[in-house]
Amino acid sequence: MKPFIDTLEHALQCCITKSEIYLEQIKPEIREYISRPDGQYLQGKQEDYIPLRHIFAWTPSFFLGMGFWTYQVKKETKWLKWLHSFSNEYAAKVCHTPLETMHDLGFLYSPYAVALYKATNDSHMKKIALQAAVVLAMRFVPNGSYIQAWGRMDHIIPGYVDQELAKNHFFTQSKGLAIIDCMMNLPLLFWASEETNHPFYKNIAVAHADITLKYFFREDGSIYHAFRFHEETGQPIGGDNYCGYAIESHWARGTAWAIYGFISAFSYTGYERYLNAAVDLSLQFIAKSEDDGIPVWDFKLPQHQPAAACGSKPWTDWDYTNPANKSRNRDTSAAAIAASAFYEILKFKKEPAIQCAMDHILMTLATKYTNYEPPIPGILKEQNGQGVYTIFGDYFYMEALCKKLYGFESIW
Ligand code: GLY
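Small disclaimer: the values here were computed from a predicted structure and weren't measured. Sequence order sets the numbering: in each chain, residues are counted from 1 along the sequence as written. Two thresholds apply to this predicted model, a pLDDT of at least 70 for residue-level local features and 80 or more for giving and counting side-chain atom pairs, whereas whole-chain, interface and lining totals are computed over all residues. The basis for every side-chain value is the complete set of non-hydrogen atoms in the structure, without hydrogens or water.

## What about the overall build of the protein chain?
Then step 1. Scanning the protein chain from terminus to terminus reveals 15 helices and 5 strands.
Then step 2. Taking 22 Å as the expected radius of gyration for a compact globule of 412 residues, we find that the protein chain reaches 20 Å, a close match to that expectation.
Then step 3. Projected onto its principal axes, the C-alpha positions of the protein chain cover 55 × 50 × 45 Å.
Then step 4. For each residue, the accessible area found with a 1.4 Å probe, counting protein chains only, is set against the maximum for its type, and the residue is called buried under 20%, exposed over 50%, and partly exposed in between. Across the 412 residues that make up the protein chain, the buried fraction comes to 61%.
Then step 5. Only heavy atoms enter the contact rule, under which two residues are in contact if any of them lie within 4.5 Å. Counted over contacts in the protein chain with a minimum sequence separation of 6, partners at least 24 positions apart contribute 71%.
Then step 6. In these tables, accessible area is a Shrake-Rupley quantity obtained with a 1.4 Å probe, and a residue counts as shielded only by the protein chains included in the view. Total accessible area on the protein chain stands at roughly 15,900 Å², and carbon and sulfur atoms take up 53% of it.
Then step 7. Computing the positive centroid from 38 side-chain charges and the negative centroid from 44, the protein chain places the two 3 Å apart. Helix numbers and strand numbers start at the N terminus; a helix is a DSSP run of H or I with at least 4 residues, a strand a run of E with at least 2. The globule rule is 2.2 Å times the number of residues to the power 0.38, and the radius of gyration it is compared with is taken over C-alpha atoms. In summary, the charge assignment counts Lys and Arg as positive and Asp and Glu as negative, without counting His or the chain termini. All charge positions are set by atom: Lys at NZ, Arg at CZ, Asp at CG, Glu at CD.

Take a look at the structure:
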């Protein structure tokens, strides 16, 4: 046990050391620092990265979230001071430009405002997070009973979006679309109901989770990335895909979002159907992952095929005949998210396969995929099937390590 814990302690120390880079360099505002093969998220011109207020932003809070977990471990006030320095930006996004948001409000406000409120009882953070929940609730489409994933709810393209960007599927194909990632935005709504003692938010979250159970799951237990409803009637149309390999494939990270979303939904509601969904998806995730516990980017990716996350073409040197190529399609971010979700499942159900998989994933990530070099911000190698570092993978790795080593409560 000791070498295992020592290894995880060492990995967490690495995450803390890298959080210091953000504390030093991310100021005075936070932006969407995109994934990079060299892990140098912050390198490049600031103005090339979209700001938090941009409708596309969904990952900035993972940088701050790493600072939050460092605060939890070290209790140094400099972290709180730094985190609070962004509060006006977060308040402005949901108070002044509420329509210029997508469903990612949970990804943005749970690891920031909700986390800070839960840890420090800060009433200002509570107000910001509650306003984010109001804005997320506005995305609910009663005709169909789902939360619309993308685009503005009035379908106007924001003035700052240029013509080229306006052709993006986030705008052109947003009507009638729900996506599996949204399960991870529901905890913000459940939390808001708990805080306000009002069922409004919870009712929306339950409706969306139930519609996900009804339409996203296939006969074999795998899930769609996306599902379309008729814009006006709300009638179900069928599965769709933007992030995995194909409509009928099985995107690994989407599965991890679903596992985490369903176990959070269970923790707030006690509805067994959510626990069962989380456990069933976990067992599939475990069975379909590689021997080292890490999945390929999409469980149904044909052998030798390069991953092409969200339509991109990252592999310029892909050799279709080389079987070793399969290992280049790993997604350690999916494994990190799943490990953190497994920790939550184990609070309610002591499933040996899930316990074993969580420890296996964390050990593999710590010994095989962690970049321990302090000057490079990126932590987890081999993410997103593209051999890149992403801040969301790094964040969930750190979150899982903190919970495993210190027993901290979930911030979702
Ligand atoms: N939007 C969440 C993801 O790309 O995983």
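After that view of the structure, there is still more to cover.
## With respect to the site of the ligand
Then step 1. Every residue near the ligand is listed here: Trp-58, Asp-181, Trp-251, Arg-253 and Trp-257.
Then step 2. A 3.5 Å cut-off defines polar contacts: any pair of N or O atoms within that distance qualifies, except that in protein one atom must be a possible hydrogen donor and the other a possible acceptor, and neighbouring residues in sequence count only when both atoms are side-chain atoms. One of the side-chain nitrogen or oxygen atoms of Asp-181 is found 3.0 Å away from a nitrogen atom of the ligand.
Then step 3. At 2.8 Å from an oxygen atom of the ligand is found a side-chain nitrogen or oxygen belonging to Trp-257.
Then step 4. Side-chain classes follow a simple rule in which Ala, Val, Leu, Ile, Met, Phe, Trp, Tyr, Cys and Pro form the nonpolar group, Asp, Glu, Lys and Arg form the charged group, and the remainder, Gly included, forms the polar group. Looking at side-chain class alone, the shell around the ligand contains 3 nonpolar, no polar and 2 charged residues. Residues are classed as near a molecule or strand on a simple rule: at least one heavy atom within 4 Å of it.

## Re the packing of aromatic side chains
Then step 1. Classification of ring pairs rests on two measures: the distance between centres of Phe, Tyr or Trp rings, Trp counted by its six-membered ring, which must be within 6.5 Å, and the angle between planes, read as stacked under 30 degrees, edge-to-face over 60 and tilted in between. What the rule picks out here adds up to 43 aromatic pairs.
Then step 2. For the ring pair Phe-107 and Trp-257, a centre distance of 4.8 Å and an interplane angle of 65 degrees mean the geometry is edge-to-face. Note that Phe-107 is positioned in helix 5 (residues 105–120) and Trp-257 in helix 11 (residues 252–269), a separation of 150 residues in sequence. Taken individually, Phe-107 and Trp-257 each receive the classification buried, so the pair is uniform in this respect.
Then step 3. Ring pairing ties together the aromatic residues Trp-58, Phe-62, Phe-107, Trp-257, Tyr-260, Phe-392, Tyr-395, Phe-396 and Trp-412, which thus form one cluster.
Then step 4. Remark: a charge is flagged as sitting over a ring if the NZ atom of Lys or the CZ atom of Arg is within 6 Å of the ring centre and within 35 degrees of the ring normal. A cation sits over an aromatic face here: Arg-218 above Tyr-224, 4.2 Å from the ring centre.

## With respect to the sheet that holds strand 3 (residues 177–179)
Then step 1. A pair of strands is considered paired only if DSSP assigns at least 2 bridges between the two. Ordered in space as 3-4-5, the 3 strands form an open sheet in which the pairing is antiparallel. The sheet is open, and its two borders are formed by strand 3 and strand 5 (236–240), each paired with just one other strand. With strand direction ignored, the average angle separating the axes of adjacent strands in the sheet is 20 degrees.
Then step 2. Whenever a helix is involved, its axis is fitted only over the stretch in contact; in every case the axis is a line through C-alpha atoms, and angles between N-to-C directions fall within 0 to 180 degrees. Taken strand by strand, helix 10 (residues 199–215) contacts strand 3, strand 4 (226–229) and strand 5, and its axis lies near 100 degrees from that of strand 4.

## Points about the environment of Thr-7
Then step 1. Tracing the backbone shows Thr-7 in helix 1 (residues 2–25).
Then step 2. Expressed as a C-alpha distance, the spacing of Thr-7 and Phe-217, which sit 210 residues apart in the sequence, is 37 Å.
Then step 3. Not counting chain neighbours up to four residues away, the residues in contact with Thr-7 comprise Met-363, Ala-366, Thr-367 and Tyr-372.

## Topic: the state of the cysteines
Then step 1. The rule for a disulfide is simple: a pair of cysteine sulfur atoms within 2.5 Å. Applying the stated criterion across every chain yields a total of 0 disulfides.
Then step 2. Lacking any disulfide linkage, Cys-14 is separated from the closest cysteine sulfur, that of Cys-15, by 5.5 Å.
Then step 3. Residue class for Cys-14 comes out buried when judged on its relative accessible area of 6%.

## Concerning the packing of helix 1 against helix 3 (residues 77–84)
Then step 1. It is the contact of helix 1 with helix 3, at a shortest axis distance of 11 Å, that shows an interaxial angle of 50 degrees. One element, helix 1, and the other, helix 3, form an angle in the oblique class. Relative to helix 3, the crossing made by helix 1 is left-handed. Across the interface between the two elements, Ser-19, Glu-20, Tyr-22 and Leu-23 from helix 1 touch Lys-78, Trp-79 and Trp-82 from helix 3.
Then step 2. Tallied by class, the residues present in the contact of helix 1 with helix 3 amount to 4 nonpolar, 1 polar and 2 charged. Orientation categories follow fixed angle ranges, with anything under 35 degrees roughly parallel, anything over 145 roughly antiparallel, 65 to 115 roughly perpendicular, and all other angles oblique. Crossings are classed by handedness, with left-handed meaning an anticlockwise turn of the near helix from the far one by less than a right angle and right-handed meaning a clockwise turn.

## Observations concerning the packing of helix 11 against helix 12 (residues 272–288)
Then step 1. Closest axis-to-axis distance for the helix 11/helix 12 pair is 8 Å, and the angle between their directions is 150 degrees. On the basis of the axis angle, helix 11 is roughly antiparallel to helix 12. Between helix 11 and helix 12 lies a crossing of left-handed hand. On helix 12, the residues that touch Ala-252, Thr-255, Ala-256, Ala-258, Ile-259, Phe-262, Ile-263, Ala-265, Phe-266 and Thr-269 of helix 11 are Glu-272, Tyr-274, Leu-275, Ala-277, Ala-278, Leu-281, Ser-282 and Phe-285.

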